Amino acid sequence: MMTTVRRHALGAVAFLLFAASAAAVPVTINYLDGASEGFNDPTLGTSRKTAFQYAVNLWATQVHGTVPIVIEAQFNPLGGTPSAATLGVAGFNSVLRDFTGAPVSGTWFPMPLANQITGADQDPGNADISAIFNSDVDTPGVLSGADFYYGTDSNPGSNIDFVTVVLHELGHGLGFVSLVDSSTGAWFSGFPDIFGRQLTRVPGGDFDTMTNAQRLAALTSGQVYWKGPNVVAAHGGQIQMFAPNPYQSGSSISHWDPSNFPNLLMEPSYWGATQSIDRTKPAFKDMGWSFSGVADWSMY
Ligand SMILES: [Zn+2]
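Residues numbered from 1 in each chain as written. Predicted model: local features only at pLDDT ≥ 70, side-chain atom pairs only at ≥ 80, totals over all residues.

Tracing the chain through its elements places S130 in strand 9 (residues 129-134). With 22 C-beta atoms counted inside 10 Å, the residue S130 sits in the buried group. Counting along the chain gives 58 residues from S130 to E72, while the straight-line C-alpha distance between them is 4.8 Å. (Helix = DSSP H or I, 4+ residues; strand = E, 2+ residues; numbered from the N terminus. Buried ≥ 20, exposed ≤ 12 C-beta atoms within 10 Å, placed from the backbone.)

Right, let's get into the sheet that holds strand 15 (residues 239-240). In a beta sheet, neighbouring strands are held together by backbone hydrogen bonds and run either parallel or antiparallel to one another. One open sheet accounts for four strands, arranged 13-12-14-15; its pairing is antiparallel. Looking at the sheet topology across the chains shown, the edges are occupied by strand 13 (205-206) and strand 15. Pairing of strand 14 (residues 224-226) with strand 15, which is carried by two bridges, proceeds in the antiparallel orientation. The residue of strand 15 that forms the bridge with Y225 is Q240. (Pairing = 2+ DSSP bridges.)

In this section: helix 6 (residues 280-287). Where burial is concerned, most of helix 6 is hidden: seven out of the eight residues are buried. Taken together, the buried positions of helix 6 are T280, K281, P282, A283, F284, D286 and M287. Those residues of helix 6 that are buried are in contact with helix 1 (45-62), helix 2 (111-118), helix 3 (162-174), strand 14, helix 5 (229-235) and strand 16 (290-291). (Contact = placed C-beta atoms within 7 Å.)

Looking now at the environment of F162. Looking at the secondary structure, you find F162 in helix 3. On the neighbour-count criterion, F162 (28 C-beta atoms within 10 Å) is buried. Taking the C-alpha atoms as reference points, F162 and S292, 130 residues apart in sequence, are found 25 Å from one another. Beyond its immediate stretch of four places on either side in the chain, F162 contacts A51, F148, Y149 and Y150.

Shape descriptors only; they carry no functional weight alone.
Below, the structure is given as structure tokens:
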């Protein structure tokens, strides 16, 4: 989830197939909006789709894979106030463990990743990612003075860069989500997930060696860090995760802490336009994603 001042989900129909280059992972987009609303809005629909596809392409050229990633996307009125609103909500729709070739046993993997590792669609007939964007942002009463900016040049002025929001939400959809139960500290359905296995409390130890009670306490400790070796190598150390007290549903743990500098794509609140997947890339490598070798667009 990204809100401003934030960004999540679980999830007809226009249909698009994208294949930018030989290295890009194929992506199928299903727009779920009605005939004249959301991505099909008579005024904004075309520019919304153009910006969405642009952000999808940025991810697709980076991620290596052969199994089409199916994304369901739509705009819905998610509300908000003149000063704060949820911008979008997204996530992967299902998980898989102990499949052939799984890098770690007894561990949940997001379906979009499990598909690439196995080289076959493990959940045929179902979309992999669901994403919802807040149509109220484009109305006067929500985020006064700011609407979504649907250009692709990272120059939104005082508006909110939609490409950035889509990049962020797709980061969740591809796997940047904690599945730890926020009321008990338990793993999802009795097994750790590959995202959670990257997390450690400093001091306190790794999430995958904790009791449920210890993990529950960690969620609101402000002491949670990503320990995966690719992130540590890229960043020069562990990166702090967002772990405020009280727990913020949809935001806690599933984002980097906003205190990180420079700002990162997967922080809980919108801070400005970016077209870089920055530290999400090594984090995804830690989880088992492969990348195409195409350079990221940002120096950071
Ligand atoms: Zn988010």
